[in-house]
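For reference, the chains in residue letters:
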Amino acid sequence: MFIKCLIIFSFLIILALIPIPLKISLEVKDKKVHIKLFNKSINLHNQRKQNLHKNIKSNKIKYINLLSRYKSSNFKSNISIDTYIEHGSNDASLTAISYGTLNSFFYILYSLLQNIFKIKHYNLKIVPNFNKTILHLKIRCIIYINMAQVINILFMYRKSIKEVKAKEWLHS
């Protein structure tokens with residue numbers, strides 16, 4: 001009996017520490033958006049719009065509090081990102097300006113992602129097309145997360161909710 005419990009416990013420990021790759025793909029081409037999660041397509045057009053929460057301010061504070069906790073944590077998930085953008089317009093100067101803007105935007109995004117994830121691979125390819133109007137965007141990312149990180153995030157979220165409720169109670 002003890003050996004069975006030991007085997008099950010060790011299996012659960014190993015399972016909690018093995019990272020699970022979460023594959024997400026986004027593609028925008030010809031004004032159509034395709035999202036894939038684990039190679040299964042998600043159709044955005046058939047989903048109904050959900051009602052927004054009435055308490056947007058407290059939700060915003062919860063997430064900001066959670067994000068600040070997660071930034072200071074050393075227990076972050078790994079991420080791998082490949083981005084391909086082909087863009088253009090008939091105006092060459094507008095295409096050149098948008099090329100520089102896109103480059104700067106994605107490197108600002110890189111620094112923001114560094115606060116949340118450990119970035120293992122980041123590939124950005126921007127191709128300007130000066131002859132035709134086009135926007136083709138492909139983003140493929142893999143987030144490696146294990147059960148221990150999920151549990152840690154849930155505990156941080158719970159603490160954030162308690163802090164926000166305590167602050168709301170004090171102010172009311």
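Rules used throughout
- Residues numbered from 1 in each chain as written.
- Predicted model: local features only at pLDDT ≥ 70, side-chain atom pairs only at ≥ 80, totals over all residues.
- Heavy atoms only, no water.
- Core = buried A, V, L, I, M, F, W, Y, C linked by side-chain atoms within 4.5 Å.
- Buried < 20%, exposed > 50% of the residue type's maximum accessible area, 1.4 Å probe, protein only.
- Helix = DSSP H or I, 4+ residues; strand = E, 2+ residues; numbered from the N terminus.
- Contact = heavy atoms within 4.5 Å.
- Expected span 1.5 Å × (residues − 1).
- Pairing = 2+ DSSP bridges.
- Axes fitted to C-alpha atoms, helices over the stretch in contact; angles between N-to-C directions.

A.B. asks: What exactly am I supposed to notice about the nonpolar core here?
C.D. replies: Generally speaking, soluble globular proteins have nonpolar side chains that are buried together. Ile79, Ile81 and Tyr122 are the most contacted members of the largest nonpolar core, which has 14 residues in total. Every element with two or more residues in this core is listed here: strand S4 (78-88), helix H3 (92-116), strand S5 (118-129) and strand S6 (134-145). Of the residues forming this core, the biggest block, 4 residues, is contributed by S5. Dropping the residues within four chain positions of it, Ile79 is found in contact with Phe117, Lys118, Ile119, Lys120, His121, Ile142 and Ile143.

A.B. asks: I'm lost on helix H4 (residues 147-171) in this one. Help?
C.D. replies: Compared with the 36 Å implied by 1.5 Å per residue over 25 residues, the 36 Å span of H4 between its first and last C-alpha is a close match. Regarding H4, the residues found buried are Ala148, Gln149, Met156, Ser160, Ile161 and Val164.

A.B. asks: I would appreciate a short explanation of the sheet that holds S4 in the present structure.
C.D. replies: Strand pairing in a sheet relies on backbone hydrogen bonds. The paired strands run either parallel or antiparallel. With mixed pairing, the 6 strands of this open sheet are ordered in space as S3-S2-S1-S6-S4-S5. The open sheet has two free edges, formed respectively by strand S3 (40-42) and S5, since each of these has just one partner strand. Averaged over neighbouring strand pairs, the angle between their axes works out to 15° when direction is ignored. Both strand S1 (residues 20-29) and S6 contribute to a ladder of 10 bridges, which runs antiparallel. The partner of Ile20 across the bridge, within S6, is Ile145. On top of the sheet, H3 reaches S4 and S5; it is set at about 175° to S5, its chief contact.

Without other data, these values stay purely geometric and don't point to any function.
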